[in-house]
Amino acid sequence: MLEPRPPRGREAGKGATLHRVPESVVTLRDVSKRYGTFAALDHVDLEVPRGEIFALLGPNGAGKTTLISIVAGLVRASAGSTLVLGRDVVSSYQFTRRAVGLVPQEINFDPFFTVEETLRIQAGYFGVRLRPERLEEILSALDLESKRHANTRSLSGGMKRRLLIGKALVHEPRVLFLDEPTAGVDVQLRQSLWAYVRTLRARGTTIVLTTHYLDEAEELADRVAVIAEGRILLVEEKRRLLERYAGKTLRVALSAAVGELPPPLAALGARLEDGGLAVAVVAPPGASFGPALAAIAAAGLPVRDVETRRMRLEDVFVSLLNRGAPRNSA
Amino acid sequence: MRVPGQTVLSPLVTTSLYFLVFGWSLGSRLREVEGVPYARFIVPGLVMLGAVTNAFLNTSSSIMVMKLQGTMVDLLVSPLSYGEILGSFVGAAAIRGLLVGSVVWLVAAAFTGFEVAHPLFALFMLSLVAVTFGALGFVTGVWARTFEQVNFFPTFVITPLTFLGGVFYSAAMLPSPLRTLTLSNPLYYMVDALRWGMLGWSGAGPLAGAGFVALLCGLSLGTAYLILRSGWRLRG
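What counts, and where the lines are drawn
Residues numbered from 1 in each chain as written. Chains lettered and ligands numbered in written order. Predicted model: local features only at pLDDT ≥ 70, side-chain atom pairs only at ≥ 80, totals over all residues. Helix = DSSP H or I, 4+ residues; strand = E, 2+ residues; numbered from the N terminus. Buried ≥ 20, exposed ≤ 12 C-beta atoms within 10 Å, placed from the backbone. Contact = placed C-beta atoms within 7 Å. Nonpolar A, V, L, I, M, F, W, Y, C, P; charged D, E, K, R; others polar. pLDDT = per-residue confidence, 0-100. Domains from an automatic or database assignment. Axes fitted to C-alpha atoms, helices over the stretch in contact; angles between N-to-C directions. Parallel < 35°, antiparallel > 145°, perpendicular 65-115°, else oblique. Left-handed = near helix turned anticlockwise from the far one by under 90°. Core = buried A, V, L, I, M, F, W, Y, C linked by C-beta atoms within 7 Å. Pairing = 2+ DSSP bridges.

### Points about the overall build of chain A
The helix and strand inventory of chain A stands at 11 helices and 14 strands. Seen along its three principal axes, the alpha-carbon backbone of chain A occupies a region of about 80 × 45 × 40 Å. By the burial criterion, 37% of the 330 residues in chain A qualify as buried. Long-range contacts, defined as pairs at least 24 residues apart, comprise 71% of the intrachain contacts of chain A with a sequence gap of at least 6.

This is the structure we're talking about:
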């Protein structure tokens, strides 16, 4: 497959034309990172497919930021190889860093400069002249137009985080790493950032996202990787993950409390809730609630309301961590 | 140059005070050193002090501030080569050092005269010294974890060595033990060589200072480059 976008900046001036790009934009092969005896990453194999939004989920200290930092060049792996667009991040660091944009978890800003100056300096680091229309687009997408000439120290926390995203986009990276991009950002703005992330994906940018907001991953991600204690537990398309792992819960509210469950319902694993005013039944993925509903009808329970709820990514995530799911790339 | 009061004006005021206090108060008593009016004799040392201190602080404090602000990340994830990063830092430091040195010289020259004996050599020496201390500041900035560590070298190493390196006196004026101490001070040869460039007089000869600074310049730039390439204290 031919990469539609030619290299930018100085790379373009070196006679490089279209590159043959592998399906995997980011590849980690047996990558480990050790700090003394502590393994921040432990023999990680991972491939991030091109053009997807890829969510990297895991508890604090799981190794998400270490992984991202190795790809971006902030941290050197102790072992293994890391490739971006098929090129090694150490030996071809100038090529790979031009292809990567990083939004770090920690907010940083230089209080000597305005928003526009900050973006122009960042573009300069990448050998890119920030065109006026590109600058306008970034400022508009991140709702920073009114702050264009404001000193960065006067920005709110949310604005500073948006400026970080703008900085990561100035050189139009092919793969964008967002490390907790919406932490401290209000709900309305999160929605607009999500919309912009989708726009970037539609343009062909691959996005790797770490987040503690699992609804964010559920909303955005095409594929999910779960990492814990430096090891990848699972990589799966989000849709298939939810289908495979996410069961459903049937909750039947009763108009009068019952003292104990009828034996056929108890045999189906049902339980009483709200002091006998509700019956809840959990069904594994693919299972039917037909037998449970039939048992409720046969027992003559006074049904007031019926509600079903599918497990969300958050439930799946917790369940996977508790189980220590096996590595399962898809 | 976002903060010219701090980068240029402050060292200008400090060094000018040295000049006015030492040059004029002592100059009225000492009159001449090695056949040169005292006020004029101390100008190369003050120019050197301004250039060295400011070149050093420009890199060391810039890197320290970037580390504390977290903006070092922006540089480290950029595709800039190690040579480009080092060249930018050291180049900026050298420019600031030369700027401060030039401004100090202009102020002093207004009182002592504008003639320079070997202007190209003087400029070469000052540039080499500014690059050297810019590179040493780079190494210090990468190594330091606190501003206290950054300030250690200018306060406890550079300033004493410069003051004891013949800025305000000729080594020949000193009694034997102090003269030996001065002659073992590397900064003495730098000041001495610049003095030859500016005044045409030197105690040790200009080549000793130029050779020593060239060696130190190569070592400091090489060390800074290797540190940057290794990622020591910058990349995890």
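### With respect to the overall build of chain B
A count of helices and strands for chain B gives 10 helices and 2 strands. Mapped from its N terminus to its C terminus, chain B presents α and β elements in the order α-β-β-α-α-α-α-α-α-α-α-α. By principal-axis analysis of the C-alpha atoms, chain B measures approximately 60 × 35 × 30 Å. When burial is assessed residue by residue, chain B has 46% of its 236 residues classed as buried. In chain B, of all internal contacts separated by at least 6 residues, the share reaching a separation of at least 24 is 79%.

### Quick look at the interface of chain A and chain B
In this assembly, 20 residues from chain A lie in contact with 16 residues from chain B. If you list the elements that add at least two residues to the side of chain A that touches chain B, you get helix 1 (64-72), helix 2 (93-99) and helix 3 (115-125) of chain A. Looking at the side of chain A that touches chain B, the element that brings in the most residues is helix 2 of chain A, giving 3 residues. Grouping the amino acids of the side of chain A that touches chain B by side-chain chemistry returns 9 nonpolar, 5 polar and 6 charged.

### A look at the confidence of the model for chain A
Residue-level pLDDT values for chain A average 87, and 91% of them are 70 or greater. Segment residues 1-19 of chain A: pLDDT under 50, and 29 contacts once partners within four positions in sequence are set aside and those in other chains are kept.

### A word on the domain arrangement of chain A
On domain assignment, one finds that chain A holds domain 1 (9-242) and domain 2 (247-310). Domain 1 of chain A and domain 2 of chain A are separated by 45 Å when their C-alpha centres are compared.

### Focus on the packing of helix 6 (residues 119-143) of chain B against helix 9 (residues 186-199) of chain B
Residue and element names in this part refer to chain B. In contact at an axis separation of 7 Å, helix 6 and helix 9 are set at 155° when each is read in the N-to-C sense. The angle between the axes of helix 6 and helix 9 places the two elements in the roughly antiparallel class. Crossing angle aside, the handedness with which helix 6 passes helix 9 is left-handed. Judged by residue contacts, Phe121, Ala122, Met125, Leu126 and Val129 of helix 6 engage Met190, Ala193, Leu194, Gly197 and Met198 from helix 9. For the contact of helix 6 with helix 9, the residue count by class is 9 nonpolar, 1 polar and no charged.

### What about the confidence of the model for chain B?
For chain B, the mean per-residue pLDDT works out to 90, and 96% of the residues sit at or above 70. The lowest-confidence element of chain B is helix 1 (residues 4-30) of chain B, averaging 74 in pLDDT; the highest-confidence one is helix 6 of chain B, averaging 97.

### Quick notes on the nonpolar core
One finds Phe54(A), Ala55(A), Val71(A), Phe177(A), Val208(A), Leu209(A) and Ala225(A) to be the most contacted residues of the largest nonpolar core, which totals 82 residues. Among the elements that line this core, the one with the most residues is helix 5 (residues 157-169) of chain A, at 6 residues. Apart from residues lying up to four places away in sequence, Phe177(A) is in contact with Ile68(A), Val71(A), Ala72(A), Val100(A), Gly101(A), Leu102(A), Val103(A) and Val208(A). Ranked by size, the runner-up nonpolar core spans 63 residues in total, among them Phe41(B), Val43(B), Phe56(B) and Val90(B).

### Let's talk about unusual backbone geometry
Of note, Glu172(A) is a non-glycine position whose phi angle comes to about 50°, a positive value. Among the structural elements, Glu172(A) can be located in the loop between helix 5 and strand 7 (175-179). With a phi close to 65°, Arg233(B) is a non-glycine residue in the positive phi region. Mapped onto the elements of the fold, Arg233(B) is located in the segment after helix 10 (206-230).

### Notes on the sheet that holds strand 1 (residues 24-35) of chain A
Residue and element names in this part refer to chain A. Overall, antiparallel pairing links the 4 strands, which are arranged 2-1-4-5 in an open sheet. Two strands lie at the open edges of the sheet, namely strand 2 (38-49) and strand 5 (87-88), each paired on one side alone. As paired strands, strand 1 and strand 4 (residues 79-84) are joined by 5 bridges and run antiparallel to one another. Following the sheet pairing, Thr27 is matched in strand 4 by Leu83.

### Topic: the packing of helix 5 (residues 82-112) of chain B against helix 10 of chain B
Residue and element names in this part refer to chain B. Contact geometry of helix 5 with helix 10 gives a least axis separation of 10 Å together with a crossing angle of 130°. Taken together, the axis directions place helix 5 and helix 10 in an arrangement best described as oblique. As for the relative orientation of helix 5 and helix 10, their crossing is right-handed in sense. Residues Tyr82, Ile85 and Leu86 of helix 5 pack against Ala224, Tyr225, Leu228 and Arg229 of helix 10.

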